[in-house]
Amino acid sequence: MKILLHICCAPCSIYPLTVLDRQGLSVMGYFYRHNIHPYTECLKRQETLKTYADHMGLRVIYQEGYDMEAFIRKMVFREANRCNVCYHERLVAAARVAKKGKFDCFTTTLLYSKFQNHNMIAATGEAAGKDAGVPFHYHDFREGWKEGIAASKRLDMYRQQYCGCIYSEKERFYKPQQRSG
Ligand code: SF4
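Here we summarise the structure given alongside this text. (Residues numbered from 1 in each chain as written. Predicted model: local features only at pLDDT ≥ 70, side-chain atom pairs only at ≥ 80, totals over all residues. Heavy atoms only, no water.)

Observations regarding the site of the ligand
Worth spelling out the cut-off: Definition of nearness: a residue and a molecule or strand are near each other if at least one heavy atom of the residue lies within 4 Å of the molecule or strand. Here a cavity denotes a set of grid points, spaced 1 Å apart and computed over the protein atoms alone, in which a 1.4 Å probe fits but from which it cannot get out, and a pocket denotes an open set meeting protein on both sides within 12 Å along at least five of seven lines; residues with an atom within 4 Å of a point are reported as lining. Being in a pocket or cavity means that more than half of the molecule's atoms lie within 2 Å of its grid points. The numbering of helices and of strands both runs from the N terminus, where a helix is a DSSP run of H or I of at least 4 residues and a strand a run of E of at least 2. All residues other than Ala, Val, Leu, Ile, Met, Phe, Trp, Tyr, Cys, Pro, Asp, Glu, Lys and Arg, Gly among them, are scored as polar; the first ten of these are nonpolar and the last four charged.
Asn 35, Arg 82, Cys 83, Cys 86, Tyr 87, Arg 90, Gln 116, Cys 163, Gly 164, Cys 165 and Ser 168 make up every residue found near the ligand. The site holding the ligand turns out to be the largest pocket. Here the shell around the ligand takes five residues from helix α4 (residues 82–100), the largest share from any one element. For the shell around the ligand, the class distribution of residues is five nonpolar, four polar and two charged.

Next comes the structure, spelled out in structure tokens:
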């Protein structure tokens, strides 16, 4: 069985890859780029994945282009709900690639994160799979959260400090000054 794994970043792919391998699936990766800002950060995450994929003998499809503008246009006035829109964009794209590439199913490393809306990702993946005509392969990869982090540290892998978009970068680093007195 051939599975397409949407990969948000190399560290999050470590544990899902071990599970899918254990399940006897033949995996190809798919790296989506439009939600990772700025472009230099996107390249850094892509390079990290390339190095890891080479190390693992994993083939990866890297999304072409970098349509940050279209991504941001979709988020405007939906900032509070932006992650759901973002899951939808990424999983619809992954489902279409899986269908076109004649994969038996697809899944995502987003199901590994403890910081994402897991149920929303699972529901969005199911719906995207139904629309595209390719099954979504659900697994709760969060069970391997600690194992994946430990492995990424052992490999001295670049580990980003924010989710991906400019909004998440601001949330991570912008600390409004406290008024004293
Ligand atoms: S915080 Fe992460 S999941 Fe949410 S919109 Fe930004 S990149 Fe997407």
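Let's pick the thread back up.
Quick word on a positive patch on the surface
Definition in use: Each patch groups residues whose relative accessible area exceeds 30% and which form no salt bridge, using 9 Å between like charges and 5 Å between nonpolar side chains of Val, Leu, Ile, Met, Phe, Trp and Tyr. Values of accessible area rely on a 1.4 Å probe in the Shrake-Rupley scheme; residue burial ignores everything except the protein chains shown. Should a side-chain nitrogen of Lys or Arg be within 4 Å of a carboxyl oxygen of Asp or Glu, the pair is scored as a salt bridge. Residues scored as charged are limited to Lys and Arg (positive) and Asp and Glu (negative), so that His and the chain ends carry no count. To locate a charge, the coordinates of NZ of Lys, CZ of Arg, CG of Asp or CD of Glu are taken.
Taken together, the side chains of Lys 2, Arg 59, Lys 99 and Lys 102 make up a positively charged region of the molecular surface. Relative to the elements of secondary structure, Lys 99 occurs in helix α4.

Focus on the packing of aromatic side chains
Basically, it comes down to this: Pairs were defined over the aromatic rings of Phe, Tyr and Trp, the Trp ring being its six-membered one, requiring ring centres within 6.5 Å. Orientation was assigned from the angle between planes: stacked under 30 degrees, edge-to-face over 60, tilted for the rest. Whether a charge sits over a ring comes down to the Lys NZ or Arg CZ being within 6 Å of the ring centre and within 35 degrees of the ring normal.
Per the stated rule, a full pass over the model turns up six aromatic pairs. Of the aromatic side chains, those joined through ring pairs into one cluster are Tyr 112, Phe 115 and Trp 145. Between Lys 2 and the ring centre of Phe 103, over which it is positioned, the NZ or CZ distance is 4.6 Å. Its end group placed over the ring of Tyr 62, Lys 50 keeps NZ or CZ at 5.0 Å from the ring centre.

Some points on the environment of Leu 49
Examined against the element boundaries, Leu 49 turns out to sit in helix α2 (residues 39–56). In sequence terms Leu 49 and Ile 7 are 42 residues apart; their C-alpha atoms lie 8.8 Å from each other.

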